[in-house]
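# Fold and contact review
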Amino acid sequence: VQLQASGGGLVQAGGSLRLSCAAAGRTFGGYVMAWLRQAPGKEREFVAAISRGGVGTYYADSVKGRFTIPRDNAKNTAYLQMDSLKPEDTAVYYCAADDFYGAGVRRQTRDYDYWGQGTQVTVSS
């Protein structure tokens, strides 16, 4: 599956952004979709993931209650709705797909085989 991320930008603290991840291919519904991010000088980290059918959603503690990760399988698109943004949310955000079949979702960067290009999110204080 090929992924295309978009929607990043510059926003003030407390503001909102919505990232989109469009997938090419007819098997989008067969993948767990996730967002990971990488800040300057830091390792890439898990942000959020959503199960194939969209019922299960999982979040890093740092974004829980502020971010949501819906998906629309009919449109082959996953999203990351980011509210109450903080300067520490500044990073390059990547969408990723995992064909893992098991309970829950995986959270390690190495578990994801398919990646979109990153989109920069900058939150000013």
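Keep in mind the model is a prediction, meaning the values are calculated, not measured. (Residues numbered from 1 in each chain as written. Predicted model: local features only at pLDDT ≥ 70, side-chain atom pairs only at ≥ 80, totals over all residues. Heavy atoms only, no water.)

Right, let's talk about the nonpolar core for a bit. Judged by nonpolar contacts, the single largest core of 38 residues is most densely connected at Met33, Trp35, Leu80, Met82 and Tyr93. Mapped onto this core, the elements with two or more residues apiece are β1 (2-6), β3 (17-24), β4 (32-38), β5 (45-50), β9 (77-82), β10 (91-98) and β12 (119-124). (Core = buried A, V, L, I, M, F, W, Y, C linked by side-chain atoms within 4.5 Å. Buried < 20%, exposed > 50% of the residue type's maximum accessible area, 1.4 Å probe, protein only. Helix = DSSP H or I, 4+ residues; strand = E, 2+ residues; numbered from the N terminus.)

What follows is about the environment of Ala74. With respect to the helices, strands and loops of the structure, Ala74 is situated in the loop between β8 (71-72) and β9. Taking C-alpha positions, Ala74 is 18 Å from Cys95, a pair spaced 21 residues apart along the chain.

Attention shifts here to the side chain of Arg66. Looking at the element boundaries, Arg66 is found in the loop between β6 (57-59) and β7 (67-68). With a relative accessible area of 11%, Arg66 lands in the buried category. Reaching out from Arg66, the side chain makes a polar contact with the backbone oxygen of Ser62 at a distance of 2.8 Å. Aside from chain neighbours lying at most four places away, what touches Arg66 is Gln81, Met82, Asp83, Ser84, Leu85, Lys86 and Asp89. (Polar contact = N/O pair within 3.5 Å; in protein donor to acceptor, adjacent residues only side chain to side chain. Contact = heavy atoms within 4.5 Å.)

Let's shift gears to the pattern of salt bridges. For side chains of opposite charge, pairing can occur when their charged atoms come near one another. Summed over the entire model, instances satisfying the criterion amount to six salt bridges. As a salt-bridge pair, Asp89 and Arg37 come within 3.0 Å of each other at their nearest N and O atoms. Of this pair, Asp89 sits in the loop between β9 and β10 while Arg37 sits in strand β4; the two residues are 52 residues apart in sequence, bridging distant segments of the chain. Across this residue pair, the class does not change: Asp89 and Arg37 are buried. With a closest N to O distance of 2.7 Å, Arg66 and Asp89 form a salt bridge. Within this pair, whereas Arg66 is found in the loop between β6 and β7, its partner Asp89 is found in the loop between β9 and β10, the two being separated by 23 residues in sequence. A relative accessible area of 1% means that Asp89 is categorised as buried. (Salt bridge = Lys/Arg side-chain N within 4 Å of Asp/Glu carboxyl O.)

Looking now at the state of the cysteines. Within this structure, the stated rule accounts for one disulfide. Paired by a disulfide, Cys21 and Cys95 hold their sulfur atoms 2.2 Å apart. Sign of the S-S torsion, about 65° for the bond between Cys21 and Cys95, identifies this disulfide as right-handed. In this pair, Cys21 sits in strand β3 while Cys95 sits in strand β10, placing the two residues 74 residues apart along the sequence. Cys95 sits in the buried class, given a relative accessible area of 1%. (Disulfide = S-S within 2.5 Å.)

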